[in-house]
Amino acid sequence: MLRVLAVDDEKPLLEELLYLLRSDPRVLSAEGASDATEALRRVTRALESGPDGADAIDVVFLDIHMAGLTGLDIARLLAGFAQPPLIVFVTAHEGFAVQAFDLKAVDYVLKPVRPQRLAEAVRRACAQLGRAEEAPPAAAEPAAGPSAPVPPHRPAPEVTPADRAPEQIAVELGGVTRFVAIADIAYVEAQGDYARLHTDEGSHLVRIPVSTLEERWAARGFVRIHRRHLVALSRIDEIRLDAGTTSVRVGSAELQVSRRHARELRDLLMRHATG
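Residues numbered from 1 in each chain as written. Predicted model: local features only at pLDDT ≥ 70, side-chain atom pairs only at ≥ 80, totals over all residues. Heavy atoms only, no water.

A. Summary view of the overall build of the chain. Scanning the chain from N- to C-terminus turns up eight helices and 15 strands. Within the chain, contacts between residues at least 6 apart in sequence are counted, and of these 54% link residues at least 24 apart. Total accessible area computed for the chain in this model is approximately 13900 Å², and 51% of it derives from carbon and sulfur atoms. (Helix = DSSP H or I, 4+ residues; strand = E, 2+ residues; numbered from the N terminus. Contact = heavy atoms within 4.5 Å. Areas by Shrake-Rupley, 256 points an atom, 1.4 Å probe, with all protein chains shown as cover.)

B. Local environment of the packing of aromatic side chains. Within this structure, the stated rule accounts for three aromatic pairs. Relative to Y194, the ring of Y108 lies with its centre 6.2 Å away and its plane at 80 degrees, an arrangement referred to as edge-to-face. Here Y108 is found in strand β5 (residues 107-110), whereas its partner Y194 is found in strand β9 (residues 194-199), with 86 residues between them in sequence. Across this residue pair, the class does not change: Y108 and Y194 are buried. (Phe/Tyr/Trp six-rings, centres within 6.5 Å; stacked < 30°, edge-to-face > 60°. Buried < 20%, exposed > 50% of the residue type's maximum accessible area, 1.4 Å probe, protein only.)

C. Broad picture of the pairing of strand β4 (residues 86-91). Among the six residues of β4, six are classified as buried, and the element is accordingly described as predominantly covered. Covered by surrounding structure in β4 are L86, V88 and V90 together with I87, F89 and T91, the residues of both alternating faces. Where strand β3 (residues 59-62) lies against β4, four bridges are found, and the strand directions are parallel. Residue V59 lies in a different strand from β4, and its bridge partner there is L86. Regarding the hand of the β-α-β motif, the stretch spanning β3, helix α3 (residues 71-78) and β4 is right-handed. Pairing of β4 with β5 involves four bridges; the strand directions are parallel. Bridge pairing in β5 links V90 to V109. Running through helix α4 (residues 97-102), the crossover from β4 to the neighbouring parallel element β5 is right-handed. (Pairing = 2+ DSSP bridges. Right-handed = clockwise from strand over helix to strand, strands pointing away.)

Quick look at the structure:
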């Protein structure tokens, strides 16, 4: 059972988050803080009381954009403690995911918060703390798209971001699910536990490791050129060799090729050009 602190400077959003957390049988208690000062005071008191104390906190559900200190600032301060609580970021902005996971966040939940998605964050916190799980709430939201409903503790777009159809991948932004054609993706960039999909129109963040996409999309002509990049072979416009280093141009982006992938990439490009 988790003891939780939720932090958000927008009162209606904080109340909604607390309501959802308190509805989860795996949450023993959920208290709220409306600013960074109050949050730090409560966490300090919790740490002073010890892990078995009356004021103990296991997980902090933390907004990022707040007046004064941001959620990222609070997380950095908490990281300085010997046994800080776990952090789950809850935000309307997808652009801070890399920083969040650099700070060892357990999860990164986008607003508006869906009960299914929050239940998954609670599950991950339980797993990291080694707590036994009870069944999550029975109520489930309908899954996006034509597929069958997803069990309530597993959100369809992020935990199972499978293709809606063989040629598409689901991406989510601010509670809206879109379907991006894989053929439109030029390259993929690793960002912690996430991957950023780059197309001609922009980019999309999905919670799938690049290694997983490398496996899934090998037959579609995607090749790994670096630990950070997966590239569609057909979208490579140019390969450059300069002073022993290799890079490729994909549209306006220039991407480095690691030494261990350079020879294989050149061979693949030659076969692709002559095939």
